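# Summary of structural features
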Amino acid sequence: QAQLVESGGRLVETGGSLRLSCVGSGRIFEDHTLAWFRQAAGKEREFVAAISLGGGAFDYADSVQGRFIISRDNSKKSVYLQMSSLKPEDTAIYYCAAALHSYKTAARYDYWGQGTQVTVSS
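Structural notes, computed from the coordinates. All values derive from a computational prediction rather than experimental measurement. (Residues numbered from 1 in each chain as written. Predicted model: local features only at pLDDT ≥ 70, side-chain atom pairs only at ≥ 80, totals over all residues. Heavy atoms only, no water.)

### Focus on the packing of aromatic side chains
- Summed over the entire model, instances satisfying the criterion amount to five aromatic pairs.
- Taken together, a centroid distance of 5.6 Å and an interplanar angle of 80° make the contact between phenylalanine 37 and phenylalanine 47 edge-to-face. Here phenylalanine 47 lies in strand β5 (residues 46-51) and phenylalanine 37 lies in strand β4 (residues 33-39), a separation of ten residues in the sequence. For the pair phenylalanine 37 and phenylalanine 47, a shared accessibility class is recorded, and that class is buried.
- Members of the aromatic cluster, joined through ring pairs, are Phe37, Phe47, Tyr95, Tyr109 and Trp112.
- The aromatic ring of tyrosine 80 is capped on one face by arginine 19, whose charged end is 4.0 Å from the ring centroid. (Phe/Tyr/Trp six-rings, centres within 6.5 Å; stacked < 30°, edge-to-face > 60°. Helix = DSSP H or I, 4+ residues; strand = E, 2+ residues; numbered from the N terminus. Buried < 20%, exposed > 50% of the residue type's maximum accessible area, 1.4 Å probe, protein only. Lys NZ or Arg CZ within 6 Å of the ring centre and 35° of its normal.)

See below:
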């Protein structure tokens, strides 16, 4: 079965940087848009960033644009999220996801990883 596995989440200080990774299996990287979502305690899962199959098109949430960068390496079946200038409000569980089309709604995605915790201290 196709699977996504995230890694890289940890505790960081405000203003710090962190790079998250997600590795896929199966045929996900052959025909899927990849995205990052996050879910903070007590809140709904929200869209963070998405990248097209070839890596040439991007989409970012307003809250992270200018601070986060999404990228993918299809040869390594991986997608990354480089996070900079981190704020306490970035604290959440971060999930990678895959869909046949680029959507900003979590319900539209077909595959999900288990998530990795990112905590930004004050």
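### A short note on the pattern of salt bridges
- For the coordinates displayed, the defined rule picks out five salt bridges.
- The residue glutamate 30 makes a salt bridge to arginine 27 at a minimum N-O spacing of 2.9 Å.
- For arginine 27, a relative accessible area of 59% corresponds to the exposed category.
- Note that lysine 104 is salt-bridged to aspartate 59, the shortest N-O span being 3.5 Å. Of this pair, lysine 104 sits in the loop between β9 (92-99) and β10 (111-112) while aspartate 59 is found in strand β6 (residues 58-60), placing the two residues 45 residues apart along the sequence. (Salt bridge = Lys/Arg side-chain N within 4 Å of Asp/Glu carboxyl O.)

### Some points on the nonpolar core
- With 34 residues, the main nonpolar core has Trp36, Leu81, Met83 and Tyr94 as its most contacted residues.
- Looking at which element gives the most residues to this core, the answer is β9, with six residues.
- Once residues within four sequence positions are removed from consideration, leucine 81 is found in contact with Leu18, Arg19, Leu20, Trp36, Val48, Ala49, Phe68, Ile69, Ile70 and Tyr94. (Core = buried A, V, L, I, M, F, W, Y, C linked by side-chain atoms within 4.5 Å. Contact = heavy atoms within 4.5 Å.)

### Regarding the sheet that holds strand β7 (residues 68-73)
- In spatial order, the strands read β1-β3-β8-β7; together these four strands make up an open sheet with antiparallel pairing. Looking along the sheet, the strands with just one partner apiece sit at the ends: β1 (4-7) and β7. Ignoring strand direction, the axes of neighbouring strands in this sheet form an average angle of 15°.
- As judged from the six bridges shared by β7 and strand β8 (residues 78-83), these two strands associate in the antiparallel manner. Within β8, the position partnered with aspartate 73 by the bridge is serine 78. (Pairing = 2+ DSSP bridges. Axes fitted to C-alpha atoms, helices over the stretch in contact; angles between N-to-C directions.)

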